[in-house]
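# Topology and contacts: notes
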Amino acid sequence: MTQAPIYLQRHDHHAELVLNRPERRNALSARMWSALPELLADAADDPSIKLLVVRGEGGAFTAGADISEFETVYATAEAAEAYTKAIAKGLDGLAHFPKPTLAVIRGACVGGGCGLALSCDLRFAASDARFGITPAKLGLAYTLNDTKRLIDAVGVPVAKDLLYSARLVDAIEALDIGLINRCFEPDTLDAEVGTYLATMLSRSTGSARAIKRVIHLIRAGVDHDTDETRQLFLDAFRSEDFQEGYRAFLDKRPPDFTGKA
């Protein structure tokens, strides 16, 4: 088992991005933020990986930024700018990852950890998870990109509540306000995630990537078809996935998209 604080673990057709500092509740260090873009690029370039799971080792997703580093990373204006850019590059890279992403959340999901989860497409949590976005406790601001991802998930009024108060919410409230997609008992979370992954892996990767791209464009303000979106639609009809899906439909059998990226 690797001792790296963040690493990519490959499985047959998906990968896990693992936060690996359980002794510090997976607090996100500068080293971890800096490593994130390269790990994401490796996963994006691997045709065998159809989707990406983000999880933490131990009993927490992540308690957020490693506050023990603040004296160093905020020592000068230049250091603070570099640190902030590294975080933004990691979060934006995850948000723009071309394949579906799923955060599996146990325990603490706070600060930068909540930002990491919000950068994923889907969030499944154990009922003992706790969520909070806490810059107001530290006298910090929240970036526009991170704020937009929060608003896209929960809406403006709830985003204001969470940011102004910096309060923690439990998993039941997180589900109610749209911060997470599903909530399960801790001892059933892994099995439920496994079942959902099996469903996703049985679907077309090409469809998922096109859907994700169109949703990203809509969230960016595009409100009508463009040359890109029309091409995505037309390209699907020429894809191997469509040929398999169409034949499977005619044959009245489940499609087999295994190995197709």
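Reference entry: report on the structure contained in this document.

Conventions we followed
- Residues numbered from 1 in each chain as written.
- Predicted model: local features only at pLDDT ≥ 70, side-chain atom pairs only at ≥ 80, totals over all residues.
- Heavy atoms only, no water.
- Buried < 20%, exposed > 50% of the residue type's maximum accessible area, 1.4 Å probe, protein only.
- Helix = DSSP H or I, 4+ residues; strand = E, 2+ residues; numbered from the N terminus.
- Arc of directions from axis to C-beta.
- Contact = heavy atoms within 4.5 Å.
- Lys, Arg positive; Asp, Glu negative; His and termini not counted.
- Salt bridge = Lys/Arg side-chain N within 4 Å of Asp/Glu carboxyl O.
- Polar contact = N/O pair within 3.5 Å; in protein donor to acceptor, adjacent residues only side chain to side chain.
- Pairing = 2+ DSSP bridges.
- Core = buried A, V, L, I, M, F, W, Y, C linked by side-chain atoms within 4.5 Å.
- Phe/Tyr/Trp six-rings, centres within 6.5 Å; stacked < 30°, edge-to-face > 60°.
- Patch = residues over 30% accessible without salt bridge, like charges linked within 9 Å, V, L, I, M, F, W, Y side chains within 5 Å.
- Areas by Shrake-Rupley, 256 points an atom, 1.4 Å probe, with all protein chains shown as cover.
- Axes fitted to C-alpha atoms, helices over the stretch in contact; angles between N-to-C directions.
- Left-handed = near helix turned anticlockwise from the far one by under 90°.

## A word on helix α6 (residues 144-154)
Residues D146, T147, R149, L150 and V154 constitute the buried set of α6. Buried residues of α6, viewed axially, fall in a sector of 160°; they line one side. Residues of α6 that are buried sit in contact with α3 (77-95), α4 (112-118), α7 (156-165), α8 (171-177) and α10 (205-219). A positive phi of about 90° marks G155, the residue just after α6.

## Considerations on the side chain of R123
Note on placement: R123 falls in strand β6 (residues 122-126). It turns out R123 is buried and unbridged, and the closest side chain with the opposite charge, D121, is 7.3 Å from it. A polar side-chain atom of R123 sits 3.2 Å from the main-chain carbonyl oxygen of A117. When sequence neighbours within four positions are dropped, the list of residues in contact with R123 reads L102, A103, I105, A117, L118, A153, G178, L179, I180, N181 and R182.

## A look at the pairing of strand β1 (residues 6-10)
Two elements, β1 and strand β2 (residues 14-19), share five bridges in a ladder whose sense is antiparallel. Within β2, the residue paired with Y7 across the bridge is V18. Turn length for the β1-β2 hairpin, with the two strands adjacent in sequence and antiparallel, is three residues.

## Quick look at the nonpolar core
L17, I105, L116, F131, L150 and L179 are the most contacted members of the largest nonpolar core, which has 47 residues in total. The dominant element in this core, judged by the number of residues it contributes, is helix α1 (residues 30-45), at six residues. Sequence-distant contacts of L150, that is, excluding residues within four places in its chain, are made with L118, I133, G155, A159, L162, L163 and L179. Counting 12 residues, the second largest nonpolar core, distinct from the first, contains L51, V53, V104 and L189.

## Let's talk about the packing of aromatic side chains
Within this structure, the stated rule accounts for seven aromatic pairs. Look at F70 and Y74: their rings are 5.1 Å apart centre to centre, the planes differ by 80°, and that puts the pair in the edge-to-face class. Take F70: its relative accessible area is 17%, and that puts it in the buried class. Y74 sits in the partly exposed class, given a relative accessible area of 33%.

## Regarding a nonpolar patch on the surface
Taken together, the side chains of F233, L234, F237, F242, Y246, F249 and L250 make up a nonpolar region of the molecular surface, amounting to roughly 770 Å² of accessible area. Sorting the residues of the nonpolar patch by element identifies α11 (227-237) and α12 (240-251) as the ones contributing at least two each. Within the secondary structure layout, F233 lies in helix α11.

## Considering the sheet that holds strand β7 (residues 130-132)
Judged by pairing direction, the sheet is mixed, and its three strands sit side by side in the order β5-β7-β8 without closing on themselves. The sheet terminates laterally at β5 (108-110) and β8 (169-170), the two strands that pair on one side only. Summarising the sheet, β7 and β8 pair through two bridges and their orientation is antiparallel. Looking across to β8, one finds that F131 is bridged to V169.

## Comments concerning α7
Listing the buried residues of α7 in full gives A159, L162 and L163. Buried residues in α7, looked at end-on, bunch into an arc of 90°, giving them a common side. Opposite the buried face of α7, by more than 90 degrees, sit the exposed residues P157 and Y164. Of the surrounding elements, those touching the buried residues of α7 are α5 (135-138), α6, β8 and α8. Phi turns positive, to about 55°, at A166, one or two residues after α7.

## Overview of the packing of α1 against α3
Packing of α1 against α3 brings their axes to within 8 Å, and their N-to-C directions diverge by 35°. Here the hand of the crossing between α1 and α3 comes out left-handed. Of α3, the residues touching α1 (which contributes A30, W33, S34, L36, P37 and L40) are Y83, A86, I87, K89, G90, L91, G93 and L94.

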